[in-house]
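Residue strings, one per chain:
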Amino acid sequence: MGLVGVQDHGNGDSIPLGSKNKYTRMDYSDVYDDEDDASHHHHQLEKRRNDTKKYVFACAVFASLNNVLLGYDVGVMSGAIIFIQEDLKITEVQEEFLVGILSIISLVGSLAGGRTSDAIGRKWTMGLAAIVFQAGAAVMTLAPSFKVLLIGRVLAGVGIGLGVMIAPVYIAEISPTVARGSLTSFPEIFINLGILLGYVSNYAFSGFPAHINWRIMLAVGILPSIFIAFALCIIPESPRWLVLQNRVEEARTVLMKTNDNDAEVEERLAEILLAAGTNNPEKQEEKPVWRELLSPSPALRRMLITGLGIQCFQQITGIDATVYYSPEIFKAAGVKGNSKLLASTVAVGVTKTAFILVAIFLIDKLGRKPLLYVSTIGMTTCLFSIGFTLSVIGQGSVGVAMAILSVCGSVAFFSIGIGPVCWVITSEIFPLRLRAQASALGAVSNRVCSGLVAMSFLSVSNVIGVGGTFFIFAIISALSIAFVYRYVPETKGKSLEQIEMLFQNDYEWQGGREVQLRDVEHLVHKELNTEQS
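Residues numbered from 1 in each chain as written. Predicted model: local features only at pLDDT ≥ 70, side-chain atom pairs only at ≥ 80, totals over all residues. Heavy atoms only, no water.

Heads up, the rule is: UniProt positions are given in the numbering used here, feature names are shortened, and annotations may be inferred rather than shown by experiment.
Under the annotation held in an unreviewed UniProt entry, the chain carries the name Secondary carrier transporter and is attributed to Lithospermum erythrorhizon. Among the UniProt annotations of the chain, the heading Subcellular location (unreviewed entry) holds the following wording: "Membrane".

Next comes the structure, spelled out in structure tokens:
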């Protein structure tokens with residue numbers, strides 16, 4: 001029999017009972033419960049993280065669907081124009097005008113898009129873009145004459161202008177900082193996908209009679225609009241636009257869906273509120289956006305130089321001419337027959353689409369600026385190679401091989417860097433209240449340069465030859481390297497509100513190592529102040 005206050009375990013060991021006993025008996029089920037709770041909590045966090053990634057990914061994909069329309073038009077028109085010329089008996093000047101007018105008119109859509117997206121929101125501006133383009137595509141498909149075809153082309157251009165400027169802005173505003181570069185590159189992926197689909201459509205329908213095949217090619221461009229209508233039922237409005245409308249709780253809800261960390265949600269919301277100036281009466285009394293853009297502060301002037309400059313260089317290096325007139329380039333190199341010409345363009349489309357995926361994986365790892373260097377240097381080399389091939393090597397099997405390799409190389413380097421990074425930079429650098437309309441100006445610069453190049457390519461080539469024209473593109477591409485070095489800062493890993501601060505100081509604006517060093521110094525001072533307090 002055990003002593004009072006002692007429990008006998010039957011093995012000779014006795015443990016005293018009492019409140020002060022340090023050997024208090026442990027219930028092992030409590031340990032297992034704690035472990036289960038921790039495991040369950042970890043599982044819930046992982047689930048939320050995965051759900052957030054999928055949701056943001058889906059939003060970026062759906063927002064980029066309008067860009068398929070631009071890409072498809074660029075790709076399909078390169079082949080359709082051959083049959084339009086044959087069916088409607090248009091002149092070479094009319095051909096140039098028909099190809100280039102879309103880019104020129106799209107600037108109207110882009111200019112309107114800035115105001116429209118501030119008025120009705122980023123989301124519904126995308127819907128409006130799809131409707132306008134769909135109307136234009138329908139008119140082009142049924143056009144009995146060159147004049148009616150031109151009217152449809154104008155409508156399509158307005159729709160494309162609206163869609164092209166708003167997609168990168170929307171994606172940048174909903175994306176978490178760590179993945180913003182990759183996600184904002186999605187519109188460029190879909191442009192390339194559209195170009196590839198256009199080339200495939202050319203090849204697939206080229207066997208039909210000339211008065212039917214080009215109409216089918218253009219009609220296929222209506223299909224993406226169906227998916228856009230579905231997308232608008234799923235994607236949310238931009239949280240930054242919601243804040244500008246004083247719909248703060250709705251903005252918080254969207255941020256909760258697009259960020260997996262509650263603390264980061266509140267931090268981002270606080271930054272957006274500060275940037276929007278909703279709690280700052282002085283900031284709300286600032287002059288109108290258009291007036292601020294016309295008479296910019298030094299910081300805004302730096303932003304405009306960077307944003308508009310990178311947009312111009314993306315186009316004046318000749319990418320649209322290379323894509324639109326790739327059949328003409330291959331014909332000059334010695335490729336004969338419409339089927340062979342169109343099959344060669346498919347190779348260009350596949351290359352352009354495949355290499356954009358490289359940029360998606362690297363843009364948030366290596367940064368924007370390294371990719372721009374690789375891209376502009378590679379393009380300069382390939383554009384010079386095209387000029388040399390057509391001017392010196394001439395027609396023949398070697399010329400054909402060099403031409404196809406150089407054109408594919410040029411579009412590959414474009415897709416790795418300046419193609420997607422151009423839109424990423426433009427959507428990142430401007431302050432919140434100016435972002436939509438300033439980005440619209442960037443898109444206008446892009447479309448104007450695209451139109452000028454597309455509308456003048458054949459005329460210039462007739463004077464100095466196709467090879468000579470590409471020598472000019474190579475020189476311009478070399479200048480773009482210097483522009484990137486001097487005017488484009490590195491924005492990787494910074495929130496949109498932090499990027500705005502880069503342009504407040506001319507020293508920091510010149511980017512690169514100086515910016516990183518100042519960031520480190522700022523963090524060190526912040527830590528020291530925290531410890532002292």
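## Regarding the overall build of the chain
What counts, and what does not: Under the scheme used here, helices are H or I runs from DSSP no shorter than 4 residues and strands are E runs no shorter than 2 residues, and both carry numbers assigned from the N terminus. In this scheme, a residue with accessible area under 20% of its type's maximum is buried, one over 50% is exposed, and one in between is partly exposed, where area comes from a 1.4 Å probe on protein chains only. Contact definition: two residues touch when any of their heavy atoms are within 4.5 Å. The accessible surface values rely on the Shrake-Rupley method and a 1.4 Å probe; as for residues, cover is taken only from the protein chains in view.
In terms of regular secondary structure, the chain is built from 25 helices and 2 strands. Scored against the burial criterion, the 533 residues of the chain give a buried share of 54%. Sequence separation of at least 24 residues holds for 80% of the intrachain contacts in the chain that already meet a minimum separation of 6. Element-wise, carbon and sulfur atoms account for 64% of the exposed surface of the chain, whose accessible area totals about 23,500 Å².

## With respect to the nonpolar core
Where we set the bar: Throughout, nonpolar core names a set of buried Ala, Val, Leu, Ile, Met, Phe, Trp, Tyr and Cys residues whose side chains join them through atoms within 4.5 Å.
Ranked by size, the top nonpolar core spans 116 residues in total, and within it Ile-84 and Leu-149 carry the most contacts. The greatest single-element share of this core, amounting to 14 residues, is contributed by helix 22 (residues 432-487). Apart from the residues lying within four places of it in its own chain, the contact partners of Ile-84 are Met-77, Lys-89, Ile-90, Leu-98, Leu-149 and Trp-214. With 13 residues, the next largest nonpolar core counts Val-243, Ile-272, Ala-275 and Ala-276 among its residues.

## Looking at the pattern of salt bridges
Formally: Just to be clear on terms, a salt bridge is a Lys or Arg side-chain nitrogen sitting within 4 Å of an Asp or Glu carboxyl oxygen.
Evaluation of the coordinates by the stated rule reveals 9 salt bridges. The salt bridge partner of Asp-87 is Arg-215, with a shortest N-O separation of 4.0 Å. With Asp-87 in helix 2 (residues 65-88) and Arg-215 in helix 8 (residues 210-219), the pair connects residues that are 128 residues apart, well separated along the chain. A residue is classified by how much of its surface remains accessible, and Asp-87, at 24% relative accessible area, is partly exposed. Residue Glu-428 pairs with Arg-368 through a salt bridge whose shortest N-O separation is 2.5 Å. Of this pair, Glu-428 sits in helix 21 (residues 418-429) while Arg-368 sits in helix 19 (residues 368-393), and the two are 60 residues apart along the sequence. Several salt bridges converge on common partners, so that one network encompasses Asp-118, Arg-122 and Glu-173.

## Concerning the packing of aromatic side chains
Where we set the bar: Only Phe, Tyr and Trp rings take part, Trp by its six-membered ring, and two of them pair if their centres are within 6.5 Å. Stacked means planes under 30 degrees apart, edge-to-face means over 60, and tilted covers everything else.
Taken as a whole and assessed by the stated rule, the structure comprises 7 aromatic pairs. Seen in terms of ring centroids, Phe-57 and Phe-186 are 5.4 Å apart; in terms of plane orientation they differ by 85°. Their pairing is edge-to-face. A residue pair is termed long-range when its members are at least 10 positions apart, and Phe-57 in helix 1 (residues 28-63) and Phe-186 in helix 7 (residues 186-205) qualify at 129 residues. Judged by relative accessible area, Phe-186 falls into the buried class, the value being 7%. Site record: aromatic cluster; members linked through ring pairs are Phe-313, Phe-483 and Tyr-487.

## Comments concerning the packing of helix 4 (residues 122-142) against helix 8
The following threshold applies: Between N-to-C directions, angles cover 0 to 180 degrees, with each direction set by a line fitted to C-alpha atoms, over the stretch in contact for helices. Should an angle fall under 35 degrees it is called roughly parallel, over 145 degrees roughly antiparallel, and 65 to 115 degrees roughly perpendicular, with every other angle called oblique. Under the scheme applied, nonpolar residues are Ala, Val, Leu, Ile, Met, Phe, Trp, Tyr, Cys and Pro; charged residues are Asp, Glu, Lys and Arg; polar residues are all the others, including Gly.
At a closest axis distance of 8 Å, the pairing of helix 4 and helix 8 adopts a crossing angle of 170°. Classified by the interaxial angle, the pair formed by helix 4 and helix 8 is roughly antiparallel. In contact with Ala-137, Met-140, Thr-141 and Leu-142 of helix 4, helix 8 contributes Trp-214, Arg-215, Leu-218 and Ala-219. When grouped by side-chain class, the residues that make up the contact of helix 4 with helix 8 number 6 nonpolar, 1 polar and 1 charged.

## Quick look at the state of the cysteines
Definition in use: A pair of cysteine sulfur atoms is labelled a disulfide when the two atoms are within 2.5 Å.
Taken as a whole and judged by the stated rule, the model has 0 disulfides. Just so you know, Cys-408 is unpaired, no disulfide at all, and the nearest cysteine sulfur is the one on Cys-382, 9.7 Å from it. According to the relative accessible area criterion, Cys-408 is buried, its value standing at 11%.

## Re unusual backbone geometry
Located in the positive-phi region is Lys-89, a residue other than glycine, with phi close to 55°. Residue position: Lys-89 is located in the loop between helix 2 and helix 3 (92-120). The exposure class of Lys-89 is exposed, given its relative accessible area of 63%. Of note, the phi angle at Asn-246 is positive, near 65°, even though the residue is not glycine. The residue Asn-246 is located in the loop between helix 10 (239-244) and helix 11 (248-258) in this model. Using a relative accessible area of 55% as the deciding quantity, one classes Asn-246 as exposed.

## Observations regarding helix 19
What counts here: The span expected for a helix works out to 1.5 Å for each residue beyond the first.
Its 26 residues place the ends of helix 19 36 Å apart at the C-alpha level, agreeing with the 38 Å of an ideal helix rising 1.5 Å per residue. Among the residues trailing helix 19, Gly-394 stands out with phi positive, at a value near 75°.

## A look at the confidence of the model for the chain
The test is simple: The pLDDT value expresses, per residue, how confident the predictor is, ranging between 0 and 100.
For the chain, the average pLDDT comes to 78, and 83% of its residues sit at 70 or higher. A low-confidence stretch, residues 278-285 stays under pLDDT 50, and its non-local contacts, those more than four residues away or across chains, total 9 contacts. Of the regions scoring below 50 in pLDDT, residues 511-533 engages in 13 contacts with residues more than four places distant in sequence or in other chains.

## Structural notes on the side chain of Thr-469
Residue position: Thr-469 is located in helix 22. Exposure remark for Thr-469: the relative accessible area of 5% places this residue in the buried category. Ignoring sequence-local partners within four residues, the contact set of Thr-469 consists of Phe-457, Val-460, Ser-461 and Ile-464.

## Considerations on helix 9 (residues 224-232)
Using the following cut-off: By definition, the arc is the one covered by directions from the helix axis to the C-beta atoms.
Turning to helix 9, its buried residues are Pro-224, Ser-225, Ile-228, Ala-231 and Leu-232. In a view along the axis of helix 9, the buried residues occupy a sector of 110°, so they form one face of it. Exposed and facing more than 90 degrees away from the buried side of helix 9 are Ile-226 and Phe-227.

## Regarding a nonpolar patch on the surface
Selection criterion: Patches here: salt-bridge-free residues with over 30% relative accessible area, like charges joined within 9 Å, nonpolar side chains (Val, Leu, Ile, Met, Phe, Trp, Tyr) joined within 5 Å.
A surface patch of nonpolar side chains, about 440 Å² in accessible area, is lined by Phe-384, Phe-388, Val-392, Ile-393 and Val-398. Looking at the nonpolar patch element by element, the count peaks at 4 residues for helix 19. Structurally, Val-398 can be placed in helix 20 (residues 397-416).

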